[in-house]
Amino acid sequence: MGLGYKKLWKIMHVLPRLLPGAQNREYRQASILSSLTRVPVPLACSKMYKTTTGSCIERFSSIAELPQEDPYVSDLMSFIKFAFNEPKGCHHCWLNRGVDGMEALRKEGIFLVLIDTSVDKSSVLGRGAFLMLEKAKLLQQRFPWVNVFALQSSSDVRSSTYKHLLVDFLLKEYIAFPILLTDRTFQEVSNGACYLLFRGLSSPPIYLERDIDLVILHKALKELNGVSDKNLADVDRLMSSWSKKPDFVKQPYGSHSLQGLLLQFPACISVDMDGNRFFLSDCNQHRIIVFDGDGKIMDVIGSSPGFEDGEFETAKLTRPAASYYDASADCLYILDSENHAVRRAYMGTRVMETVHLSPKDKGRNGLWAWFVDKLGMKKNDALPSEEFDSDTLMLPWYLLKSDDDLLILNRSMDTLWTLDLDREVVKNIVKGSAEIMVACGQKISDRVSTLQRLPPDFLQHIATSTHSLDGIPYSGLVSSFVTCGSRLLVCDAASQRVVVFSEQDQNISNLQLSNFGTLGLPYWLPSSLEKAYCMDTHGEAHIDHLQSFKLLPGRIGIRLNVAIPSSTVLIEPAQEECIWRQVRGAALEVSRVESVGESTEKVGMAQQWYDDLDNLVFEVVSEIPTSTEDCIAARDLEDDKVCIDCAVNTSPGTSEVIIYAAIYLKLKTAFDACYGDQEKKAAIIADILNSERWGKAERNEFVNFLAKSKGNLEELVFVKPLHVRIQLNTLNHPKADNGKDFILTDTDVDVNVTL
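First, a word on scope: everything that follows refers to the structure included in this document. Small disclaimer: the values here were computed from a predicted structure and weren't measured.

1. Brief notes about the sheet that holds strand S12 (residues 320–326)
In space, the five strands of this open sheet follow the order S11-S15-S14-S13-S12, with antiparallel pairing throughout. Among the strands making up the open sheet, the edge pair consists of strand S11 (310–311) and S12. Bridge analysis of strand S14 (residues 341–346) against strand S15 (residues 351–355) gives five bridges, and the strand direction is antiparallel. Bridging across to S15, Arg 343 finds its partner in Thr 354.

2. Let's talk about the packing of aromatic side chains
Each aromatic ring pair is specified by the distance between its two centres and by the angle formed by the two planes. This structure, assessed with the given rule, holds 13 aromatic pairs. Ring geometry for Phe 84 against Trp 94: centres 6.1 Å apart, planes inclined by 80°, an arrangement best described as edge-to-face. In this pair, Phe 84 is assigned in helix H3 (residues 76–85) and Trp 94 in strand S1 (residues 92–95), connecting sequence segments ten residues apart. Assessed through its relative accessible area of 5%, Phe 84 is described here as buried. Classification of Trp 94 as buried rests on a relative accessible area of 8%. Relative to Tyr 664, the ring of Phe 516 has its centre 4.6 Å away and its plane inclined at 15°; by these criteria the two rings are stacked. Taken as a pair, Phe 516 in the loop between strand S23 (507–510) and helix H12 (529–538) and Tyr 664 in strand S28 (residues 641–667) lie far apart in primary sequence, 148 residues in all. The class of Phe 516 is buried, set by a relative accessible area of 1%. According to the relative accessible area criterion, Tyr 664 is buried, its value standing at 5%. What links up through ring pairs into an aromatic cluster is the set Phe 84, Trp 94, Phe 111, Phe 149 and Phe 198.

3. Thoughts on helix H5 (residues 160–173)
Taking 1.5 Å per residue, 14 residues should reach 20 Å; H5 reaches 20 Å between its end C-alpha atoms and fits that length. Of all 14 residues that make up H5, ten are buried, and the element is covered over most of its length. The set of residues buried in H5 consists of Tyr 162, His 164, Leu 166, Val 167, Asp 168, Phe 169, Leu 170, Leu 171, Lys 172 and Glu 173. Immediately downstream of H5, the backbone of Tyr 174 shows phi near 60°, a positive value.

What counts, and at which threshold
Residues numbered from 1 in each chain as written. Predicted model: local features only at pLDDT ≥ 70, side-chain atom pairs only at ≥ 80, totals over all residues. Heavy atoms only, no water. Pairing = 2+ DSSP bridges. Helix = DSSP H or I, 4+ residues; strand = E, 2+ residues; numbered from the N terminus. Phe/Tyr/Trp six-rings, centres within 6.5 Å; stacked < 30°, edge-to-face > 60°. Buried < 20%, exposed > 50% of the residue type's maximum accessible area, 1.4 Å probe, protein only. Expected span 1.5 Å × (residues − 1).

Okay, structure coming up:
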């Protein structure tokens, strides 16, 4: 009897630790996170208590599994630890986590947390919180090893409207780090916004005030890291304009869903009045689009996000902002905001370079200084390698011309740099809104006064995506419009478009761009065999169509017939610059626009032998006109289909033809299924752009993003990427009657694709 009672006592002692379902999972997590001392009961987020030994004592009965809820925790660090392991709970959720979730955050590394507890639904983020985000972006670029995320504490976080506003803000400001939303309040941060700095999840945190100087924050991170100080010299150079940035650029989670739009946050524009050229900063597509007064695209500056000088096709920008055209030198000065640099694009030679700025009061003089500057060796004068210089150009965004100088303001309009173009020297630096108002407030006010011609409701709409100086309404639009005669071209970044306002008839219309072939393939499409092979190996590439053929060796003419969605119209024919072909294996591409079905003619054996060395088959000039533009236009406009031709020579074996193309579409006018309904139109665009690969949450954000746009979605141009792979299994050569010669055959195949 005593023995049975003893066994029963042991079972009762163990039972409290055996939890069913989700609660058992929470208990195991709590045992790993030593400071998480409170564990929820199965029925609700109930109060727990801690004994003198630090362990939780509760008895649980074996019940059915219930939805998991967050533990009731009283301190901030315990809540952060729990949230790291749960993407969503009854009191929190993550935004901007990315495809890898929280694995990108090294749990034993250094953390910089931006905490804001004073958020309201109307403003989403106040000016103070915005300045904190700006500092965090700088530090994240400067110290890649620092784990950065933000924590928003507000009672409105459960509101879908609040989340939509916050997502819009993340995309607009290009915030790449995660955001933790919670409706809880914490005593440690009850006074508003602040920074939280700690090493690992178990170390005590350091609380820093919101207005802390960036230099002090920079030093605190270096001191906290400690063991890696020997590696900081190279990392610190990332902030100077002469240092090459890494090609990999972190992007906000969800930004790839907007990549299908022709324009993505077009924020700034400038003009060459004499040359009838306009320069549009397509910020989140990392390029400058050059077009004429009729909207015809003439050129594009920038190939992909990054930092690299060179020809326009290979040069790289990261979120270019305001620009200024210098007619005397036929060059365009560009503010490369995320690279913290000023770039200069020579329009005649089509080459872009970086303007290496000297700090204030350190001008250049002498031939040797000029020579060293031109060689790009002026780094010691630009910025010390070990120290942070708060006067360095950081996040430049707005630009004004003043006599022979350029006035540059950062995104938050908190710092003003005066740049001497002739000497390439920063003459003066002004910090603080009040001082900036004194320095150039009147100039900004005079320029934005032109916007008073616009209808008030439209002006208020475009101002929602900007930050303005106190006392000057709409000052954030100072670089977002240009005048051309009686027309006013205005960037409507909130609706991803550029509008034209005619003063004569007081009408606002969308700018209609054309000649999209000049843009080439989007940077986010694979454009090399290495990328295509890598994506194919890991199975990450989305393939619109895959088809195999078993054919005889020789010339194979492939015609790709692409049927566009019935709810859309093809804006213009797909030009060769928007098509990329790659052949690998036992095949060789010999033609791109050659008409399929042409006859071939063989000549003498000697000549045939030489020609076979080159192309394996003889081809004569077609009798059909071979003008590339005529051929493409005739094919592409046939029955609203896009036709792409390709000819290859094959040998026995296997081969593959890879075709990528960018097809520019827009919705049909007054589409019957959704006439007048912005949300339905947005949903159709999302489905066309393969939103099933985004996930439900991201698709909903995309639809909401477009639905609340003021622009007519029937005029919105979007890019439908096409990815087709054709596998060819080529048999052995058939032999002639004499048994010695090989017979080369000509084969034509049609591949039908429906988008």
